[in-house]
Amino acid sequence: MELSRRQFFRICAGGMAGTTVASLGFLSSFSVHAETRQYKLLKAKETRNNCTYCSVGCGMLMYSLGDSAKNVKESIYHIEGDPDHPVSRGSLCPKGAGVLDYIHSETRLQYPEYRAPGSDKWQRISWDEAINRIARLMKDDRDANFIEKNAQGLTVNRWTTTGMLCSSAASNETGILDGKFTRSLGMVAIDCQARLCHGPTVSALAPTFGRGAMTNNWVDIKNANVVLIMGGNAAEAHPVGFKWVIEAQTKNDATVVVVDPRFNRSAAVADMYAPIRAGSDTAFLLGVIRYLLENNRVQHEYVRHYTNASLIIRDDYQFDDGLFSGYDDKKRQYDKTSWFYQLDEQGHALRDETLSHPRCVWNLLKNHVERYTPEMVNRLCGTSVADFTRICDILASTSVPDRTATILYALGWTHHSAGAQIIRAAAMLQLLLGNIGMAGGGVNALRGHSNIQGYTDLGLLSTNLPGYMPLPSEKQPDYQTYISQITPPALGVNEVNYWQNTPKFFVSMMKSFWGDHATAENNWGYDWLPKWDRLYDVMTQAELMLEGKINGYIVQGFNPLAAFPDKNKSSRALAKLKYMVVIDPLATESSNFWQHHGEMNDVKPEAIQTEVFRLPSSCFAEEDGSIANSGRWLQWHWAAAEPPGEALHDAKILGRLYMRLRELYQQEGGANPEPLLNMRWDYKDPYDPHPEEIAREGNGMALADLYDDKGQLIAKKGQQLSSFAQLRDDGSTSSFCWVYCGSWTEQGNQMANRDNSDPYGLGCTPGWAWSWPANRRILYNRASADPSGKPWDAKRALLHWDGKKWAGMDVADYSQAAPGSNVGPFIMNQEGVARLFSIDKMNDGPFPEHYEPIESPIGTNPLHPDVISSPVARIYHDDIANMGKADAFPYVATTYSITELFRHWTKHALLNAIAQPDQFIEIGEALASQKGIAAGDTVKVMSKRGYIKAKAVVTKRLQTLTIDGRAVDTIGIPCHWGFEGATRKGFLANTLTPSVGDANSQTPEYKAFLVNIERA
Ligand code: SF4
């Protein structure tokens, strides 16, 4: 007999009642009905979902009541961890455990509201009023400002004056609609939370390995022998994922090492902790690389066969005194031509397998890291030579084939003006140790928000398209130019070079966008996509608002006032908007940016002329759909209740707005209506697209009968595709996002799979959800076997060559080429190997280099005093004057998260607000005593941009470090409070942070900037 969980509860509860009653001797009808306490979940409906906060993606069981009768709404009244979930196994951290209070928060929005220009209050309006008015504002702005042709007469079809911030916790299905909505309108000023969190991860890992995602997955951490946690604090920020670190430590005897400016919660359970100055991680990692090379503790066979160590670099590539060759001082940019291989007549990269050629990557790397001696690491980072060399030795212990180290990091590495280069250094380190593609290895980017991986996959960034394809630029005037520039040639004889299939991914995406209207004759609608002229990342958006060049802003599940750097600048920028539309479940600081909240938001409502709309949306618990966790698992979840009051699903809000815009263009005409009216929006109810039909579209389908090379029918017209290998560039397939192809096949919704069996015991659960690409659980897994196809480590075998094919526990990340076929394991790279030298893919250098944070506590760079900070970091002219110097702001500040709160959401949940009611900052005992600050005092922390006030926590966790001969103290600033929510009112921490960003991803430097402090 098969029992559902619900039936099981009923039987158990009944059984318990019967036993108890019998044992007490009460056999009359009295007891059973009148006295036995009801099990509280007895009548509940149980629904599976995933936590909406961080990217661990913990499983949740939600219990709701409501008899589904007309006008009766289901209400969720209990949530607990899903014991079947392979990662969380029933656990929830304090954030997940408090999620019921978020769902029922007093600050959940119930109905649409409007704030008139200059007004100091909200007024309730109907959905029709809201949609009609917003559509009118959008159309008027678009018609007035749409750019069909640029100054050179090239068709660019872009709309720059209204922007959109896309959510990071909404489902992929909402994300697909966001993509179709924005791009068909020609919007270029779109971005998502990835810009502010893991943008540098993609910028660093894709140029190294070929893809920009976490290489392994949460459970796989248990297979590691060494765990390095640096640039993150997994115990605090990803508590349930962290259980796999403890599993490695207790069951696999792993050594856990934490390197961090603070002795944090991860450090508290680590085997070794070493302090480091915030903003000096690249120097530390390059020092480790130097140690490995100096001491010959490298997995040589792996390095020779699987990295570009042997490839020969052009003679004109140079690194001199802090600058790489090709630097243009005026443009603050590099010409990257010299950062490339020497090629033979066939265009293949030259190699020297002996590694003796002076221009081969191996020797250039040796020269480059030579300066990073333990003493130099000590001088730059403050880490003692003894601690540093001990950590080098621990990591080096994994240079043998049968030991692996994993590296876990998060925003501690991404939030720097040279953040991508820190991650590059970590990736290079792991390659030298032979730890990529291995179980228990990898560079594991612990993503932040629950679906920011998904929104990155879907390309919801200003210059991206789905599946990591770029949005066309003005430099690509026609389809042929564009597609040839983005389709790389192979740099080796037999290399897979999987991006050679780009035309198939692109054409299939265009068929998903524009259906029958996208034809070979019109280049699949190429000109309907906007062409960008400049970056439109969030910092640029703020800049353009201040210049009066962005008039309208749609903010979906995002809190820019709390998230963008330099809150006061953001506040001035938002106040310049003509209209702003906030789609959110909660009353955020951003929707109330025009309200006066004392020192915390010192604005004059009457002076702000922005029309603001606040549209209440559903939250995760009230929607069906998929989200992608950090390990790339697309997990489908189900709604347990309807949204409260008049709140609507995001898809319905977008559907109604989109259809209203279409109606207006049909009635009135206007600027470039074609892409909007031709967009494939053929949902059963176009005003309310259903997640399931969008998810099927995301996967893709056959638009004609498809045959393989041998003439066998592989998919009939109208059938779901089973793999991106079936995609075509002749218009016979559609797929919104090629990496998601395989997620919803003819066999059904693979993301809804819930078989948690782990047949090999290594934490690989291929039957649970669906992992992109192709349900692979560990990327680059071909590298887990030696060149002959034998696993480097039999205990951790992922794949092996069985004489005919690649077999094993994971889907091979490889072609079916036999060992010895000269096909490299990094199939997304043109040269088939991973890059120690990243050729021309990054904006700030093919090797990492230590640059000081833009606000440096030492005001120099001991390696090259003429080039102190990154010479190509993103900084706008007017912001330069807003950068502080150490004489007035002598202390390093670093922002971070705490376990009980998630960014600026959980302060709306009562349980979490009770756990952490009051804003605080952390300072070390030495600094506190110098400043006369006692624990619990209210202090004022000031940067060049503003100040916050908070309670002081005086701690041993932060210590004074000696950097370049001077004492440097650090102040820790949790980022969670604001002037909305259930906590006590507080200041937004980004009031302090500088508007400066990484050269590759423009991600702001929240982790290392200068402040001063005093008792308030
Ligand atoms: S916040 Fe993260 S670790 Fe905590 S329950 Fe949610 S998904 Fe799990």
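Please refer to the structure placed before this passage.
Residues numbered from 1 in each chain as written. Predicted model: local features only at pLDDT ≥ 70, side-chain atom pairs only at ≥ 80, totals over all residues. Heavy atoms only, no water.

Caption draft 1: Inspection of helix α9 (residues 243–251) at higher detail. Listed in full, the buried residues belonging to α9 are Trp-244, Val-245, Ala-248 and Gln-249. On an axial view of α9, the arc spanned by its buried residues comes to 145 degrees, and they lie on one face. What points out from α9, more than 90 degrees from its buried face, is the exposed set Thr-250 and Lys-251. The inward-facing, buried residues of α9 contact β10 (226–230), β11 (255–260) and β17 (405–409). One or two positions beyond α9, positive phi appears at Asp-253, with a value near 55 degrees. (Buried < 20%, exposed > 50% of the residue type's maximum accessible area, 1.4 Å probe, protein only. Helix = DSSP H or I, 4+ residues; strand = E, 2+ residues; numbered from the N terminus. Arc of directions from axis to C-beta. Contact = heavy atoms within 4.5 Å.)

Caption draft 2: Structural detail: the sheet that holds strand β24 (residues 625–628). What the 3 strands build is an open sheet, ordered β24-β25-β32; its pairing is antiparallel. Sheet topology places β24 and β32 (770–771) at the edges, where each strand pairs with a single neighbour. Summarising the sheet, strand β25 (residues 633–637) and β32 pair through 2 bridges and their orientation is antiparallel. Bridge pairing in β32 links Trp-633 to Ser-771. On top of the sheet, helix α6 (residues 172–184) reaches β24 and β25; it is set at about 90 degrees to β24, its chief contact. (Pairing = 2+ DSSP bridges. Axes fitted to C-alpha atoms, helices over the stretch in contact; angles between N-to-C directions.)

Caption draft 3: Here's a closer look at the environment of Thr-993. Relative to the helices and strands, Thr-993 resides in the loop between β42 (970–974) and β43 (996–997). In sequence terms Thr-993 and Glu-852 are 141 residues apart; their C-alpha atoms lie 16 Å from each other. Among all residues touching Thr-993, those that are not within four sequence positions of it are Pro-565, Asp-566, Thr-895, Arg-945, Tyr-1006 and Phe-1009.

Caption draft 4: Main features of unusual backbone geometry. Residue Pro-773 is bonded to the preceding Trp-772 through a cis peptide linkage, with omega at -5 degrees. Among the structural elements, Pro-773 can be located in the loop between β32 and β33 (799–801). Phi at Asp-321 takes a positive value of approximately 50 degrees, unusual for a residue other than glycine. With respect to the helices, strands and loops of the structure, Asp-321 is situated in the loop between β13 (319–320) and β14 (323–324). Its identity as a non-glycine residue notwithstanding, Asn-523 has a phi of 55 degrees, on the positive side.

Caption draft 5: Structural detail: the packing of aromatic side chains. Applying the stated criterion to the full structure yields 50 aromatic pairs. Each ring, one from Tyr-498 and one from Phe-724, has its centre 5.8 Å from the other, and the planes form 70 degrees; the classification is edge-to-face. Placement of Tyr-498 in the loop between α19 (479–486) and α20 (502–514) and of Phe-724 in the loop between β28 (713–715) and β29 (733–734) is noted, with a sequence separation of 226 residues between them. When its relative accessible area of 10% is taken as the criterion, Phe-724 is described as buried. Grouping aromatic residues by their ring pairs yields a cluster made of Tyr-317, Phe-319, Phe-324, Tyr-327, Tyr-334, Trp-339, Phe-837 and Phe-847. Of note, Lys-139 hangs over the ring of Tyr-665, and the distance from its end group to the ring centre comes to 4.5 Å. The aromatic ring of Tyr-896 is capped on one face by Arg-262, whose charged end is 3.5 Å from the ring centroid. (Phe/Tyr/Trp six-rings, centres within 6.5 Å; stacked < 30°, edge-to-face > 60°. Lys NZ or Arg CZ within 6 Å of the ring centre and 35° of its normal.)

Caption draft 6: Examining the site of the ligand more closely. In the vicinity of the ligand, the contacting residues are Cys-51, Tyr-53, Cys-54, Val-56, Gly-57, Cys-58, Leu-92, Cys-93, Lys-95, Gly-96, Pro-239 and Val-240. Residue composition of the shell around the ligand, by class: 9 nonpolar, 2 polar and 1 charged. (Near = heavy atom within 4 Å. Nonpolar A, V, L, I, M, F, W, Y, C, P; charged D, E, K, R; others polar.)

Caption draft 7: How the structure looks around the environment of Arg-696. By the element assignment, Arg-696 lies in helix α26 (residues 691–699). Residue Arg-696 is classed as partly exposed on the basis of its relative accessible area, which comes to 35%. In sequence terms Arg-696 and Tyr-740 are 44 residues apart; their C-alpha atoms lie 10.0 Å from each other.

Caption draft 8: Structural detail: the sheet that holds β42. An order of β36-β42-β37-β39-β38-β44 is seen for the 6 strands of this closed barrel, with the pairing classed as mixed. Geometrically, the sheet is characterised by an average inter-axis angle of 45 degrees between neighbouring strands, direction not taken into account. Of the strand pairs in this sheet, strand β37 (residues 920–924) and strand β39 (residues 946–955) are connected by 5 bridges, and their pairing is parallel. Bridging from a neighbouring strand, Ile-921 pairs with Ala-952 of β39.

Caption draft 9: Main features of the pattern of salt bridges. Counting across every chain of the model gives 49 salt bridges. As a salt-bridge pair, Asp-879 and Lys-569 come within 2.8 Å of each other at their nearest N and O atoms. On the criterion of sequence distance, the pair formed by Asp-879 in helix α27 (residues 877–880) and Lys-569 in helix α23 (residues 567–574) is long-range, its members being 310 residues apart. Here the two residues Asp-879 and Lys-569 agree in accessibility, since each one is buried. (Salt bridge = Lys/Arg side-chain N within 4 Å of Asp/Glu carboxyl O.)

Caption draft 10: Inspection of the side chain of Asn-775 at higher detail. Residue placement: Asn-775 occurs in the loop between β32 and β33. When its relative accessible area of 16% is taken as the criterion, Asn-775 is described as buried. Only 3.1 Å separates the side chain of Asn-775 from the backbone oxygen of Pro-766, close enough to count as a polar contact. If sequence neighbours within four positions are ignored, Asn-775 has contacts with Pro-766, Ala-769, Trp-770, Asp-810 and Val-811. (Polar contact = N/O pair within 3.5 Å; in protein donor to acceptor, adjacent residues only side chain to side chain.)

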